[in-house]
Amino acid sequence: MTPASARITLADAVLSFQAPEETIQQRVRQIHHTVLTHSRYIRSANYSVIHPEDLELMFKAYDEGFFDGHCQRALDGRKLRFRLSPRMTKAGGTTARFVTAAGETFYEITVASSMLFEGFGQMDRRISVCGLECENRLEALQRIFEHEMVHLVEQLCWQSSNCAAPRFQEIARRLFLHRAHTHKLITRRERAAQSGIRVGSRVTFVFEGRPLTGRVNRLTKRATVLVEDPEGERFSDGRRYRKYYVPIVHLQLAVA
Ligand SMILES: [Zn+2]
């Protein structure tokens, strides 16, 4: 099969894909089972350890289960890399195409690993990804991965991909029963808001054995806390502050 015909076969396969809902759910559950059985890291559906290798395992399982191996063939020797990002705090995943200085093309699928870890605590609210409710972390990971697989397929077949566009949504719906292209994962911002910590909150934390009190200036993976300090940098309110980057879990709301 030539690279061009592999791409055409893949495009035909996704555009003509038809399967009853139960068949799709069955295949998705089979992949869930495959990951749990074959991963060297994921030990349970609410796993606490994951490795980029697991994404590769999922790619193979989805490519076989839904695309008859056509994705691998359409890649035509170009590399597909997998990455877990603890820093992505809004998107559940991304798929990108890169061209190296030497003119070599490769693709990269990234999954926001930390955002998955934020959810699925015992007291947490329900979580949906791509419009489907997820019972556990691995289900949410699968939904994100399916979404990224559609991005990859679109890039391979049509050189561009847009999950806000009808073609993407049509494919995601027929192949994976997705009803939306968004997620309702628990973001750090929400997690922090839940504990009452938000931008502007007065918080305390321990730094090198000393308790410090300051105000939250920014919230991402960590909070940026400004603590008044005569040696610090001058801010627009005329006072001097020193900046501390503190993991949100280490912060406590100051009493007053
Ligand atoms: Zn997308």
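Preceding this section is the structure that the text describes.
Residues numbered from 1 in each chain as written. Predicted model: local features only at pLDDT ≥ 70, side-chain atom pairs only at ≥ 80, totals over all residues. Heavy atoms only, no water.

**Q** Which residues make up the sheet that holds strand β3 (residues 105–111), and what are the values?
**A** Strands pair in a sheet through their backbones, by hydrogen bonds, and they do so in one of two ways: parallel or antiparallel. Taken in spatial order, the three strands of this open sheet run β1-β3-β2, and their pairing is mixed. Of all the strands in the sheet, just β1 (79–84) and β2 (93–99) have a single pairing partner and so form its edges. Mean inter-strand twist for the sheet, computed between neighbouring axes without regard to direction, equals 20°. One ladder, built from seven bridges, connects β2 with β3; its direction is antiparallel. Opposite Thr95, over in β3, you have Ile109 as the bridge partner. Across the sheet, helix α3 (residues 52–67) touches β1 and β3, and the angle it forms with β1 is around 130°. Along the sheet, helix α6 (residues 137–158) contacts β1, β2 and β3; its crossing angle with β2, the most-contacted strand, is approximately 30°. (Pairing = 2+ DSSP bridges. Helix = DSSP H or I, 4+ residues; strand = E, 2+ residues; numbered from the N terminus. Axes fitted to C-alpha atoms, helices over the stretch in contact; angles between N-to-C directions. Contact = heavy atoms within 4.5 Å.)

**Q** Got a sec to walk through the environment of Leu219? Specific residues and values, please.
**A** Inspection of the secondary structure puts Leu219 in strand β7 (residues 210–219). On the basis of relative accessibility, which here comes to 10%, the residue Leu219 falls in the buried class. Counting along the chain gives 26 residues from Leu219 to Tyr245, while the straight-line C-alpha distance between them is 9.6 Å. Every residue in contact with Leu219, bar those within four places of it in the chain, is listed here: Arg189, Ala192, Ile197, Arg198, Val199 and Ile248. (Buried < 20%, exposed > 50% of the residue type's maximum accessible area, 1.4 Å probe, protein only.)

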